[in-house]
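Overview (structure and organization)
Given next are the chains, with one letter for each unit.
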Amino acid sequence: MEDFTIPSAAATAKLLDDRLGADAVRSRLEAEKGHGKPVAGHATVFAYLEEWFLGPKFLRAVLGGLGLYRRGRKNALDITLRRNEFIAADLPAAFDGFRILHLSDLHIDVSRQLQSVLHERMEGLEFDLGVITGDLRFATYGDARPALAAMQRLRPLLGSRALLVLGNHDSLRWVPVLEDFGYEVLVNEFTQVSVNGDILYIGGVDDAGYFGASDLAAAGAAIPDQACALLLSHSPEIVADSRLEKFDFVLCGHSHGGQINLPGGWPLVTNTRCHRRYCKGRWRHGPVQGYTSSGVGTSLLDVRFNCPPEITLHRLLVGHEPA
C-alpha cells in the first residue's frame, strides 16, 4: 500500500494524449498552475473561497471567539447516510432497484479521523456501484500524496467497480495513479454497466466550474439517443449546458450544501454560478433529474453548521414520476 508515483505533467501528457486529446490535456494541466493564485472570473471575495488565503484564519478566529469552532469540527465528522430514489420510464428492467453509493467532496486528507469515520459509515452498506464526484484533496495545491494514499485505502470499500470524476481540487496528473488503484476515472468519457444483458450508460465530465473543462459532447457522443444514461459531474454548473438533456440522471457535488448554513439549512454561500435550487439535494432541470450531494468533507475550514456531511445511496426504479 501507498507505493505509487505521481507522474509529471510531461509524463501525464504522454499517457493521456491519445485517450483525451493533446489540446484538452495541455489545457487542463496549464490551468492547474493557477491554483493558489487569483483566477480571472473568480476574483470576488465570496466566489471560490478556496483561493482566499485569509479565509481560514479569519473564520477560525471568529468561530473561536464565539466558542463555536470545536462544535463545528465535531459537526463535520457526523457523516449522515441519505437515501434518494430516481424513477424513470426508460430505465432498463434489469436495473429496477439498482443501488448507487455516491460520495462527493471527500477532501479526505484533512484528517485520519475523517477517514476513520467514513470507513465506519460505509461498513455493511449494500450497493451495486460506487461513484465519486470529485474533490479528493483538502487544499487546491501542495502535496497530493496523503490524499491519494487515503483514496488507495478507501478503494476496497467501494465494491467491484468504482467510477470517479475530477473536481476543482484535483489534478489530471492523478488519473494514472487512481486507475492503478482500481478507480475508473471518466474525463469527458463514458462507460457502460451491464446487468443481465441490459445496459446503463454512465458519462463523466471534467470540472465544469473552476476549470471550465467539461465536454458533454465528448462524454455523450457515443451514447445512443434513446438509451438510459447517468452523468457524473463535480459541479451542478453543468446545468448551463443544453446537451445535458441527453442524460436521465445527474449526480454532482461541489457546493458542500453551503457547509456553513443558517438555522433551517439556508446556505450563506454555495460557491457555484448556478441557481441555488441545483446546489443541494434533489432537483430537476427540464426532463433531467439530478442530485447534488452536500459532500463528505469540508473546504477552507474543517467545520460545518446546519449542514451535515453525507454519503448518499441512490436507488433507480422503473416507472413514471408523479405529476
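Residues numbered from 1 in each chain as written. Predicted model: local features only at pLDDT ≥ 70, side-chain atom pairs only at ≥ 80, totals over all residues. Heavy atoms only, no water.

**Some points on the overall build of the protein chain**
In terms of helices and strands, the protein chain carries 8 helices and 14 strands. Here the protein chain, with 323 residues, has 56% of them falling under the buried criterion. At a minimum sequence separation of 6, the contacts of the protein chain that also span at least 24 residues come to 74%. On the protein chain, roughly 14,100 Å² of surface is accessible, and the fraction owed to carbon and sulfur atoms is 53%. (Helix = DSSP H or I, 4+ residues; strand = E, 2+ residues; numbered from the N terminus. Buried < 20%, exposed > 50% of the residue type's maximum accessible area, 1.4 Å probe, protein only. Contact = heavy atoms within 4.5 Å. Areas by Shrake-Rupley, 256 points an atom, 1.4 Å probe, with all protein chains shown as cover.)

**Quick word on the side chain of His-234**
You can see His-234 is positioned in the loop between strand S8 (229-233) and strand S9 (249-252). A distance of 3.0 Å separates polar atoms of two side chains, one belonging to His-234 and the other to Asn-168. Here His-254 takes part through its side chain, which lies 3.0 Å from a polar atom of the side chain of His-234. Apart from the residues within four sequence positions on either side, His-234 is in contact with Asp-105, Thr-133, Gly-134, Asp-135, Val-165, Leu-166, Gly-167, Asn-168, Asp-207, Cys-252, Gly-253 and His-254. (Polar contact = N/O pair within 3.5 Å; in protein donor to acceptor, adjacent residues only side chain to side chain.)

**Details of the confidence of the model for the protein chain**
In low-pLDDT regions, the fine details of the predicted coordinates are not to be read closely. Confidence in the prediction of the protein chain, expressed as mean pLDDT, is 91, and 89% of residues score 70 or more. The low-confidence segment residues 38-48 (pLDDT under 50) makes 17 contacts with residues lying over four places distant or belonging to another chain. (pLDDT = per-residue confidence, 0-100.)

**Observations regarding unusual backbone geometry**
Notably, His-254 is not glycine yet its phi reads approximately 80°, a positive angle. Within the element layout of this structure, His-254 appears in the loop between S9 and strand S10 (261-262). The exposure class assigned to His-254 is buried, which follows from its relative accessible area of 3%. If you check the backbone angles, Asn-306 has positive phi at about 55° while not being a glycine. Secondary-structure assignment places Asn-306 in the loop between strand S13 (288-292) and strand S14 (310-318).

**Notes on the sheet that holds strand S12 (residues 281-285)**
The strands making up a sheet associate through backbone hydrogen bonding, with each pair oriented either parallel or antiparallel. The strand order S6-S7-S8-S9-S13-S12 describes an open sheet built from 6 strands, whose pairing is mixed. The outermost strands of the open sheet, each flanked by one partner alone, are strand S6 (189-195) and S12. When the angles between neighbouring strand axes are averaged without regard to direction, this sheet yields 20°. Two elements, S12 and S13, share 5 bridges in a ladder whose sense is antiparallel. Note that in S13 the partner of Gly-281 across the bridge is Thr-292. (Pairing = 2+ DSSP bridges. Axes fitted to C-alpha atoms, helices over the stretch in contact; angles between N-to-C directions.)

**Let's talk about the nonpolar core**
In terms of nonpolar packing, the biggest core is built from 43 residues, with Leu-106, Ile-132, Met-151, Leu-154, Leu-178 and Tyr-183 touching the most fellow members. When contributions to this core are tallied by element, the ones reaching two or more residues are helix H1 (9-20), helix H2 (22-32), strand S2 (99-103), helix H5 (112-122), helix H6 (145-154), strand S4 (162-165), helix H7 (175-181) and S14. In terms of residue count, H6 provides more of this core than any other element does, 6 residues in total. Apart from residues no more than four positions distant in its own chain, Ile-132 is found in contact with Leu-103, Leu-106, Met-151, Leu-154, Leu-158, Leu-163, Leu-164, Val-165 and Tyr-183. In terms of nonpolar packing, the next biggest core, distinct from the first, is built from 21 residues, Ala-88, Val-131, Val-193 and Ile-202 among them. (Core = buried A, V, L, I, M, F, W, Y, C linked by side-chain atoms within 4.5 Å.)

**Considerations on the packing of aromatic side chains**
Each aromatic ring pair is described using two quantities: the centre-to-centre distance and the angle formed by the ring planes. Following the criterion strictly, the structure yields 6 aromatic pairs and no others. Ring geometry for Phe-190 against Tyr-201: centres 6.1 Å apart, planes inclined by 40°, an arrangement best described as tilted. Placement of the pair is Phe-190 in strand S6 and Tyr-201 in strand S7 (residues 198-205), with a sequence separation of 11 residues. Above the face of the Tyr-183 ring, Arg-155 is positioned so that its terminal group lies 5.8 Å from the ring centre. (Phe/Tyr/Trp six-rings, centres within 6.5 Å; stacked < 30°, edge-to-face > 60°. Lys NZ or Arg CZ within 6 Å of the ring centre and 35° of its normal.)

**Topic: the sheet that holds S2**
Read across the sheet, 6 strands follow the order S1-S14-S2-S3-S4-S5 without closing on themselves; strand pairing throughout is mixed. Of all the strands in the sheet, the pair left with one neighbour each is strand S1 (80-88) and strand S5 (184-185). Pairing analysis gives 2 bridges linking S4 to S5, with the strands arranged parallel. Bridge assignment links Leu-164 to a residue of S5, and that residue is Val-185.

**Here we look at H5**
Taken residue by residue, H5 has Leu-114, Gln-115, Val-117, Leu-118 and Met-122 as its buried positions. Along H5, the residues classed as buried sweep out an arc of 165° about the axis, all on the same side. Facing away from the buried side of H5 by more than 90 degrees, the exposed set consists of Arg-112 and Gln-113. Buried positions along H5 lie against S2, H6 and S14. Gly-124, located one to two residues past H5, shows a positive phi value of around 85°. (Arc of directions from axis to C-beta.)

**Here's the deal with H6**
For H6, a buried count of 8 out of 10 residues is recorded, marking the element as mostly surrounded by other parts of the structure. Listing the buried residues of H6 in full gives Ala-147, Leu-148, Ala-149, Ala-150, Met-151, Gln-152, Arg-153 and Leu-154. Contact partners of the buried residues in H6: S2, H5, strand S3 (129-133), S4 and H7.

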